[in-house]
Amino acid sequence: TGAIHFAMTHSEPGGLREIWNDIGAGLSARGHKVERFVFYPSGGVDQRAAAEAEGWHHVLRTRATGPFGVIRLIFALVRYLRCTQPAAVVTAMPFANVLMPLAVRLAGTTTRVFITHHSPADTHNRMLDRIDTYTGQMACVAAVVCVSNAVSASLDAKPEGYRMKRRTIHNALPGRIEAMIDAVRAQVGEGNGTAKIAGRIVALGRLSYQKNYPMLIRAMSRVPLATLDIVGAGEDEEALSALARDCGVAGRVRFLGLMPREQALAHAATAQIFVQVSHYEGHSLALIEAARMGLALVVSNVPVQVEGITNPSGQQCGIAVPIGEDMALGGVLVRLLADEQERRQWSERARALGLAVSNAAMVDAYESLLVCGRSK
């Protein structure tokens, strides 16, 4: 039988690549043959080389742009499918989700396609979303996987033939990251050269519209005794730095850029509060990391985020603040920093939530769906 292939549109570093690497490794450890590919590279030669070092194959060596580029990509995908004959292809990113079923049809293979949604449908390109409505109903599409119930609900307007294919499989951290967080947390707790920094707030994620950092920076002007460390890089860094200056908090807001994961986690462990007031998420790995670390969690009051801080019994393990309510966010942060007992209570809830997210359960669910043809 053919291998299970995990696919994405491009090879930019980030949570999606980490998730596919993790699930692929978990399935490989259980004896399944796994391959990974992207349509084209992202970034420079170094980024492409880094992806290939992880085992990612690039179908095209350069980005596909314009109508002729898409046609060239389709022909390359058809050749790839006919050559490799995958048993299943699991896709992520809207462009990959719509193009793969078409390529499988043209290739004439028996490959089953499993498209996945990692963010709400209303955040996708409208044209791709409309095409997805039709390609998702093609016979070769075996299932539509959503990383949260809120993401699944964003597909409620799709036709019945599409909706019936939906399955929810929540994200989880790789086992090595779980162990790394537990070790870092223990070091902080034991005071081995690392300790909690009073008043430190941390945010992890790309400097882009999605993460809604302007709201957090404006709120910091209402939290005079706190510092904010943002770990990540992105296109909005210059504008966010300017906003911090305009709000008078430039001395208390640090943009730390990209860090290796171990370094980022070690730094986050020294904070007292984790904030993620995103406009949208899917099932954020950074939120799962912060929960397992036992940081008090403050998130945006949108369905995906509320689901992310809610434990299996329905209890909220973090505080949700409406988007745009800078004053409310500032008030929550001031209260948590001032009240050690309340902060400890939220920290304990977050830790229990993080421990409840199981890597093994995630791999079980994908194995059951991809290999056995059923969902748990």
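That block above? That's the structure.
Rules used in this analysis
- Residues numbered from 1 in each chain as written.
- Predicted model: local features only at pLDDT ≥ 70, side-chain atom pairs only at ≥ 80, totals over all residues.
- Heavy atoms only, no water.
- 1 Å grid on protein atoms, 1.4 Å probe; cavity = no way out; pocket = protein on both sides within 12 Å on 5 of 7 lines; lining within 4 Å.
- Points joined across faces, edges and corners; volume = space filled by probe spheres on them.
- Helix = DSSP H or I, 4+ residues; strand = E, 2+ residues; numbered from the N terminus.
- Nonpolar A, V, L, I, M, F, W, Y, C, P; charged D, E, K, R; others polar.
- Polar contact = N/O pair within 3.5 Å; in protein donor to acceptor, adjacent residues only side chain to side chain.
- Contact = heavy atoms within 4.5 Å.
- Buried < 20%, exposed > 50% of the residue type's maximum accessible area, 1.4 Å probe, protein only.
- Pairing = 2+ DSSP bridges.
- Right-handed = clockwise from strand over helix to strand, strands pointing away.

A. Spatial organisation of empty space enclosed by the protein. According to the stated counting rule, one finds 2 cavities of 30 Å³ or more in the structure shown. Lining the largest cavity, in full, are Ala 203, Leu 204, Lys 211, Tyr 213, Leu 216, Val 275, Gln 276, Val 277 and Ser 278. Contributing elements (two or more residues each) for the lining of the largest cavity: β8 (200–204), α9 (213–220) and β11 (273–276). In terms of residue class, the lining of the largest cavity is built from 6 nonpolar, 2 polar and 1 charged. One number sums up the size of the second largest cavity: a volume of about 40 Å³. Taken together, Pro 94, Asn 97, Val 98, His 117, His 124, Leu 128, Asp 129 and Asp 132 make up the full set of residues lining the second largest cavity. For the lining of the second largest cavity, the secondary-structure elements that each account for two or more residues are α4 (94–107) and α5 (126–135).

B. Spatial organisation of the side chain of Gln 210. Following the sequence through the fold, Gln 210 ends up in the loop between β8 and α9. Within the structure, the side chain of Gln 210 is placed 3.1 Å from the backbone oxygen of Tyr 280, a separation counted as a polar contact. Among the polar contacts made by the side chain of Gln 210, one reaches the side chain of Glu 281 at a distance of 3.3 Å. Discounting chain neighbours no more than four positions away, the residues touching Gln 210 are Ser 278, His 279, Tyr 280 and Glu 281.

C. The arrangement of α5 in detail. Where α5 is concerned, the buried positions are Asp 132, Thr 133 and Thr 135. Looking at the buried positions of α5, the neighbouring elements they touch are α4, β5 (112–117), β6 (141–146) and α7 (160–163). The residue sitting at the N-terminus of α5 and contributing the capping side-chain oxygen is Asn 125; that oxygen lies 2.9 Å from the backbone nitrogen of Met 127.

D. A look at the pairing of strand β1 (residues 4–10). For β1, the tally of buried residues reaches 7 of 7 residues, placing the bulk of the element in the interior. Where β1 lies against strand β2 (residues 34–40), 6 bridges are found, and the strand directions are parallel. Along β2, the bridge assignment pairs Ile 4 with Val 34. Taken together, β1, helix α1 (residues 15–29) and β2 form a β-α-β motif whose crossover is right-handed. Bridge analysis of β1 against strand β4 (residues 88–92) gives 5 bridges, and the strand direction is parallel. Paired with His 5 across the strands is Val 89, a residue of β4.

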